[in-house]
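Spelled out from the first residue to the last, the chains are:
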2 protein chains.
Amino acid sequence: MASVSNALRVNDQQFSDAINTLKEFVSIPSVSNPNSEDYNLAHLQEAADFVKDRLVSLGFETRFSVVEEGTAPYVLAQKIVDATKPTILLYAHYDVQPVERDKWNTDPFVLTLQGERLYGRGASDDKAGVVSILTALNVYKDAKEELPVNVKILVEGEEEYGSANMRDLLVKEAAKLNAQALVILDGGNLDVATGTVENSTRGIVTFELRVDALEKPTHSGVGALVPDPCQALAGLIASLGNPREIPGFMDDCEEVDPSEVALLDQSSQTEASYAKEHGVKAGAILRGNSEESIYKRIVTEPSISVINMTAGKEGGGNSIQDYARCTFGVRLTPGQDPARIEEVIKKHIASQEVMYNLPYTLEKTGLSAKAWKGNINGPFTQAMLSGLKDSYGKIAVMPTGGALPLITDFEEFFPEIESIIAGVEDPDTSAHSHNESQDIGVLRKTTDALIAFLDKAKAIPLKA
Amino acid sequence: MASVSNALRVNDQQFSDAINTLKEFVSIPSVSNPNSEDYNLAHLQEAADFVKDRLVSLGFETRFSVVEEGTAPYVLAQKIVDATKPTILLYAHYDVQPVERDKWNTDPFVLTLQGERLYGRGASDDKAGVVSILTALNVYKDAKEELPVNVKILVEGEEEYGSANMRDLLVKEAAKLNAQALVILDGGNLDVATGTVENSTRGIVTFELRVDALEKPTHSGVGALVPDPCQALAGLIASLGNPREIPGFMDDCEEVDPSEVALLDQSSQTEASYAKEHGVKAGAILRGNSEESIYKRIVTEPSISVINMTAGKEGGGNSIQDYARCTFGVRLTPGQDPARIEEVIKKHIASQEVMYNLPYTLEKTGLSAKAWKGNINGPFTQAMLSGLKDSYGKIAVMPTGGALPLITDFEEFFPEIESIIAGVEDPDTSAHSHNESQDIGVLRKTTDALIAFLDKAKAIPLKA
């Protein structure tokens, strides 16, 4: 696909403005997980105001949509330039993951440049995604060029806590959200030099599992008789180690098309490079069948991981604890129905012999989503790959282990929509960990690619 | 044994003074666990000063002994009245367990009377033990009666963190600590109406177990490949559930003498009453052989309990954690050598297949002690039981699941010493949990028993 000769690009002043915008944006601690000590609806509102104000100044018709009182508002914006042209819905989110301050090398809410990277919570996921959209639109504005396509924008504030109200938003605002293509600016790149489209996401179901033993902690000297909830919880967690061994778990996994497997197998990732990229300790074994490529495993290998686990307190008293609890997430492969998997997991746990016959509770919590596979050959996806090629020189398609329930929700509401995931992350981003960061080259190149994409998309004919 | 006709008793004014003393004492947050946020050597020193000042005012030759710089001082005191009379060493401790403030109904460092109980951290364990000693000595002073025996006093500040320097103190101060009897005022009573001597303690070895998976937490979407340290830790913990199944674990357990079993079997505790006393959830099964009495199990049933367990943070990000850790305590039965058990546990963990071949560390930490059995027929123990009978009317002998390494240490240094555990706790004390409390009737009756004990002990002949 040929590149556009007169394409707009982000100039140095615009890029400097983009970084200042990101700095101001990161200083708002818009953590959306209500269990975090940083959670505050006022901060989410502040971040929403920040986005709305900038979209208004870019000439967009902009408003909030609140689905449920007391939750983070959606920012909806649009600029319809020509009804005969395609409409692109750009998506990003303004909320961020919680922080464990003592693990950060810098203040997580002060954007800090070190080398080629900007450190801060949300510096990449996904405030840089929002800033990329704002900057691309600003480049058109500065150039006094009308947008080449109709643009709708959806920026949410609940993505890091499961986008629980997205389906209700779709019901409420369906007319305002319909488009030919949905571009999700919340994805990652193979590396900082390769513009990347993600062609699949994992599904997810998350659970809270708790074992209760006592009314309150008691002196551990009574351990000859008094049961230990940690041991009982440990037994249940151990039974979840290999989902392939859980009866019924694999029943609705789809086979992946051989042509897609071939595409995935082109991945240059080796077990060693993947382990290094994720900081896996020396000698540890990666999960899944080592005969299969990394990317095939990301798409097709089911997995269960414990997200956090607590009983008592490190350095606390020498006591048997009253209860032990954990949160665990089940990642689903294409075809798997989250509701069915919920039942499979509940049935599996119910079939276990719980140590000391202790009572337990198992509840689905937070995020729940189906897996998704994109259409790499779709015209908008091809336009995005072309835009990425223009700015990066090198492109890739890769799957992600992350879940984006909004894609499957959107595709259910708008069966004709073409969904694309691109973004500003790279393997060193540490999106959900401490010391999250954004590569400044990636931010600039992805923004240029977005500008080029909008230009290329104008030529794609509307379906009859 | 006949009761003493003209025995001194605690009068109302003296008891009121005792409670005020306890109130002031509890207000010093003398937490000895250095991993607790409340730990502060200055508070331990303040509590030590508190004890020293009062012993000085009671006419005792009193001083601090510091074994290792930067650790809580020992308070040593003595009053030698007659070299031909027995010498009794009274022991208690001024340090307390950490607190989890959000679980307390009252301020843990403000002594609060509710009904018949005084609530506060250390209100019972073991500041009430110290106050009981001070009050008993004060009753003699108020009556202007010379003490009937020589009294030595040892009050430490590291009991709740394993008394790590006690052996070195014994080396340093052996001449000042030798006595015919060691009375440990840090025990419990069968119930608030029954004066009780504890005739055995459990041994203990405590471990810190940690599994490392990653350099830092990472997005849980990579779970198809990236190993989970929580699952690996859970597998190891699950392997520790029944110590009887750990190779070699039972090899050095002693058989308990049938006469002692008969004594223990007189316990009126049933599984149901014990479960209720410890707040065990309905339907849960107590550990050990249900054919055996509660007290026989406390003495002879080995057990492993997880004291705390952490990975990530409840409400934290949706990430696979970099590591998971726990502290677990192994309670030993008579005959078991802590050093041998340490090796047995290390060998057992080393023999496990660690999930994903993750690296782990296993370290002995904190408390380590042998089990102990007392001599119920010893003359000083009989004198204590007689004193308890005088004040309570009803007496009992019972084993404890707690560990008191100082007893076995003392008996190693002074093979002729007769060790006795009595005390101010009762089943509702919640010594190592939140809402710790002291029954005021027990405090008064135990103090009266201590006064009577000192009087009765004067008649016990010194060994040749």
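Cut-offs used in this document
- Residues numbered from 1 in each chain as written.
- Chains lettered and ligands numbered in written order.
- Predicted model: local features only at pLDDT ≥ 70, side-chain atom pairs only at ≥ 80, totals over all residues.
- Heavy atoms only, no water.
- Pairing = 2+ DSSP bridges.
- Helix = DSSP H or I, 4+ residues; strand = E, 2+ residues; numbered from the N terminus.
- Axes fitted to C-alpha atoms, helices over the stretch in contact; angles between N-to-C directions.
- Contact = heavy atoms within 4.5 Å.
- Salt bridge = Lys/Arg side-chain N within 4 Å of Asp/Glu carboxyl O.
- Buried < 20%, exposed > 50% of the residue type's maximum accessible area, 1.4 Å probe, protein only.
- Core = buried A, V, L, I, M, F, W, Y, C linked by side-chain atoms within 4.5 Å.
- Domains from an automatic or database assignment.
- Buried area = accessible area lost by both parts, 1.4 Å probe.
- Polar contact = N/O pair within 3.5 Å; in protein donor to acceptor, adjacent residues only side chain to side chain.
- Nonpolar A, V, L, I, M, F, W, Y, C, P; charged D, E, K, R; others polar.
- Least-squares fit on C-alpha atoms with pLDDT ≥ 70 in both.
- Phe/Tyr/Trp six-rings, centres within 6.5 Å; stacked < 30°, edge-to-face > 60°.
- Expected span 1.5 Å × (residues − 1).
- pLDDT = per-residue confidence, 0-100.

1. Considering the sheet that holds strand β18 (residues 437-439) of chain B
Residue and element names in this part refer to chain B. One open sheet accounts for 3 strands, arranged β4-β5-β18; its pairing is antiparallel. The open sheet has two free edges, formed respectively by β4 (112-114) and β18, since each of these has just one partner strand. With strand direction ignored, the average angle separating the axes of adjacent strands in the sheet is 30°. Two elements, β4 and strand β5 (residues 117-119), share 3 bridges in a ladder whose sense is antiparallel. Directly across from L113, in β5, lies its bridge partner L118. Contacts between helix α12 (residues 440-457) and the sheet are confined to β4, β5 and β18, with β18 contributing the most and set at about 60° to the helix.

2. Some details on the pattern of salt bridges
Inspection of the entire model under this criterion finds 48 salt bridges over all chains. Here D448(A) and R9(A) are joined by a salt bridge, their closest N and O atoms 3.4 Å apart. Separated by 439 residues along the polypeptide, D448(A) in helix α12 (residues 440-457) and R9(A) in the segment before α1 (12-26) bring together distant segments of the chain. We note a salt bridge from E37(A) to K313(B), for which the minimum N-O separation is 3.6 Å. One end of the pair, E37(A), is in the loop between α1 and α2 (41-57); the other, K313(B), is in the loop between β11 (303-311) and β12 (319-320), on a second chain. Here K313(B) falls in the partly exposed class, since its relative accessible area comes to 33%. Through salt bridges with shared partners, a single network forms among R117(A), D426(A) and D439(A).

3. Focus: the nonpolar core
Core analysis: the largest hydrophobic core is formed by 92 residues, its most contacted members being M309(A), F328(A), I345(A), M309(B), F328(B) and I345(B). If near-sequence neighbours (up to four positions away) are discounted, F328(B) is found in contact with V205(B), T206(B), F207(B), L209(B), L240(B), I304(B), S305(B), V306(B), I307(B), I345(B) and L362(B). Listed in part, the 66 residues of the second largest apolar core include A18(A), V149(A), L388(A) and L454(A).

4. Focus: the domain arrangement of chain A
Residues and elements named next belong to chain A. Splitting chain A by domain gives domain 1 (1-201 + 371-458) and domain 2 (203-253 + 302-368). Of note, the centres of domain 1 and domain 2, computed from C-alpha atoms alone, are 35 Å apart. Contacts between the two partners involve 8 residues from domain 1 and, on the opposite side, 8 residues from domain 2. Both sides of the domain 1 and domain 2 interface together cover about 630 Å² of buried area, and 65% of this is carbon and sulfur. Three residues, A371, A403 and P405, lead the burial of domain 1 against domain 2; their summed loss comes to 57% of the area buried on that side. In this assembly, domain 1 and domain 2 are joined by 0 residue pairs in polar contact (both at pLDDT 80 or more). Class assignment of the residues belonging to the side of domain 1 that touches domain 2 gives a composition of 3 nonpolar, 4 polar and 1 charged.

5. Details of the relation of the copies chain B and chain A
For these two chains of identical sequence, chain B goes onto chain A by a turn of 180° and a shift of 0.1 Å along the axis, with RMSD 0.1 Å. Here the transformation between the copies is reduced to the relation of a two-fold axis. Comparing interface residues between copies, 100% of those in chain B also lie at the interface in chain A; the contact surface is shared.

6. Quick word on the sheet that holds strand β18 (residues 437-439) of chain A
Residues and elements named next belong to chain A. Overall, antiparallel pairing links the 3 strands, which are arranged β4-β5-β18 in an open sheet. Across the chains shown, the open sheet's two edge strands, defined by having one partner strand only, are β4 (112-114) and β18. For this sheet, the mean angle separating the axes of adjacent strands, direction not counted, is 30°. Bridge analysis of strand β5 (residues 117-119) against β18 gives 3 bridges, and the strand direction is antiparallel. Its bridge partner being in β18, R117 is matched across the sheet by D439. Sitting on the sheet, α12 is in contact with β4, β5 and β18, with an inclination near 60° to β18.

7. Observations regarding the packing of aromatic side chains
Scanning all chains against the criterion turns up 8 aromatic pairs over all chains. Where F25(A) meets F50(A), the ring centres are 4.5 Å apart and the plane angle is 10°; that geometry is what we call stacked. Separated by 25 residues along the polypeptide, F25(A) in helix α1 and F50(A) in helix α2 bring together distant segments of the chain. By relative accessible area, which is 5% here, F50(A) ends up buried. Taking the centre distance of 5.8 Å and the plane angle of 45° together, the rings of F410(B) and F414(B) count as tilted. One aromatic cluster in this structure is built from F410(A), F413(A) and F414(A).

8. Regarding the environment of D439(B)
Residues and elements named next belong to chain B. Topologically, D439 is positioned in strand β18. As a C-alpha pair, D439 and E116 span 323 residues in sequence and 5.8 Å in three-dimensional space. In this structure, D439 is in contact with E116, R117, V192 and D426, ignoring residues within four places of it in sequence.

9. Examining the pairing of strand β9 (residues 203-212) of chain A
Residues and elements named next belong to chain A. Buried residues dominate β9, accounting for 8 of its 10 residues. Pairing analysis gives 10 bridges linking β9 to strand β13 (residues 323-332), with the strands arranged antiparallel. When the sheet's bridge partners are listed, D212 is paired in β13 with Y323. Where β9 and strand β14 (residues 360-369) come together, 7 bridges link them in antiparallel fashion. Paired with F207 across the strands is K364, a residue of β14.

10. Description of unusual backbone geometry
Across the junction of D125(A) and D126(A), the peptide omega takes the value 5°, indicating a cis bond. Checked against the element boundaries, D126(A) lands in the loop between β5 and α3 (127-142). One non-glycine residue, K144(B), adopts positive backbone phi at about 55°. Take K144(B): it is sitting in the loop between α3 (127-142) and β6 (150-156). Under the relative-accessibility criterion, K144(B) is labelled exposed at 76%.

11. Comments concerning the interface of chain B and chain A
Counting from both sides, the interface comprises 89 residues of chain B and, opposite them, 89 residues of chain A. Both sides of the chain B and chain A interface together cover about 7500 Å² of buried area, and 55% of this is carbon and sulfur. Looking at the side of chain B facing chain A, the largest losses of area belong to L225(B), R287(B) and M309(B), adding up to 11% of the total buried there. On the surface where chain B and chain A come into contact, there are 6 salt bridges. Inspection of the chain B/chain A interface yields 43 residue pairs in polar contact (both at pLDDT 80 or more). Those elements that provide at least two residues to the side of chain B that touches chain A are β9 (203-212), β10 (218-219), α5 (229-238), α8 (294-300), β11, β12 and β13 (323-332) of chain B. Counting residues per element, the side of chain B that touches chain A draws most heavily on β11(B), at 9 residues. Along the lines of polarity and charge, the residues of the side of chain B that touches chain A split into 36 nonpolar, 35 polar and 18 charged. With 3 bridges connecting them, strand β11 (residues 303-311) of chain A and β11(B) associate as antiparallel partners. In the strand pairing of β11(B), T310(A) is matched with T310(B).

12. Concerning α3(A)
Residue and element names in this part refer to chain A. The terminal C-alpha atoms of α3 lie 22 Å apart, and with 16 residues this matches the ideal 22 Å at 1.5 Å per residue to within 8%. Extensive coverage of α3 is indicated by the burial of 13 of its 16 residues. K144 sits one or two positions beyond α3 and adopts a positive phi of about 55°.

13. Some thoughts on the confidence of the model for chain A
Residue and element names in this part refer to chain A. Of the residues in chain A, 97% reach a pLDDT of 70 or more, and the chain-wide mean stands at 93. Here residues 1-5 scores under 50 on pLDDT; set against residues more than four positions off or in separate chains, the count is 10 contacts. Scored as a whole, the predicted complex attains pTM 0.77, and scored at its interfaces, ipTM 0.78.

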